[in-house]
Amino acid sequence: STAYSLTVAVTNTTGANARLSAWIDFNRNGLFDTGERTQVTVANAATTATLNWTGLSGLVSGQSYVRLRLASTASEVDAPEGLATNGEVEDYAIMLTGSSQLLSGKIFEDKNYGGGAGRPLSTPGITGILGVRVELYDATGNFVTSTTTLDGGPYSFSNLSSGNYYVRVVNDTI
């Protein structure tokens, strides 16, 4: 996804609309770049505001920061720093998890199980299997990528676009 949304608590008791500007350092370069800003009007007596960013690119997962600036005059909060005659500035650390989806699972041997709907992974005798090839296919059956299970049987596919996928366990690798 190239969009991000954040709802924040606000207090506007000025008797008029205020302007909330927000920056998230999406590319984690240590700067609040122009393309990382969004703004929203905050009505008098509002208690929340939803900020929306669209058209994002170059997102980098990891710890980053958000800066919020609220003032009665929009032009005073057009930049991430500088003087405003009133209002508030707040900075918060946030964790960016990327712009894509994660699909994960575990390949395991369920000894002495006779079949049926399945048992929980916490059942005694269930052991994860290392080194199994797991392939990922999109909804139309096109091969996307593959991975190999880690010790204990987990696998994951990250940086996926939204959509439907299915996995195939390659039998001759079990």
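The rules behind the values
- Residues numbered from 1 in each chain as written.
- Predicted model: local features only at pLDDT ≥ 70, side-chain atom pairs only at ≥ 80, totals over all residues.
- Heavy atoms only, no water.
- Salt bridge = Lys/Arg side-chain N within 4 Å of Asp/Glu carboxyl O.
- Helix = DSSP H or I, 4+ residues; strand = E, 2+ residues; numbered from the N terminus.
- Contact = heavy atoms within 4.5 Å.
- Polar contact = N/O pair within 3.5 Å; in protein donor to acceptor, adjacent residues only side chain to side chain.
- Buried < 20%, exposed > 50% of the residue type's maximum accessible area, 1.4 Å probe, protein only.
- Pairing = 2+ DSSP bridges.

Pairing of side chains with opposite charge becomes possible as their charged atoms draw close. Going through the model one piece at a time under the given rule, you end up with four salt bridges. Ionic pairing is found between D91 and R67, a salt bridge with its closest N-O pair at 2.7 Å. Residue D91 is found in strand β6 (residues 88-96), and its partner R67 is found in strand β5 (residues 62-71); the two are separated by 24 residues along the sequence. With its nearest N and O atoms 2.8 Å apart, the salt bridge here joins R133 to E135. Salt bridges here are not isolated pairs; linked through shared partners, they connect R133, E135 and R168.

On to the environment of T50. Mapped onto the elements, T50 comes out in strand β4 (residues 48-53). Once the C-alpha coordinates of T50 and T7 are considered, the two residues, 43 residues apart in sequence, prove to be 4.2 Å apart. Setting aside its immediate chain neighbours within four residues, T50 contacts S5, L6, T7 and V40. Within the structure, T50 has its side chain in polar contact with the side chain of T7 (distance 3.0 Å).

What follows deals with the pairing of β5. Summarising burial for β5: eight of the 10 residues are buried, a large majority. Here strand β2 (residues 18-24) pairs with β5 via six bridges, running antiparallel. Considered in β5, the bridge of L20 is made with L70. Sheet analysis places β5 next to β6, joined by nine bridges and oriented antiparallel. Bridge pairing in β6 places Y65 opposite A93.

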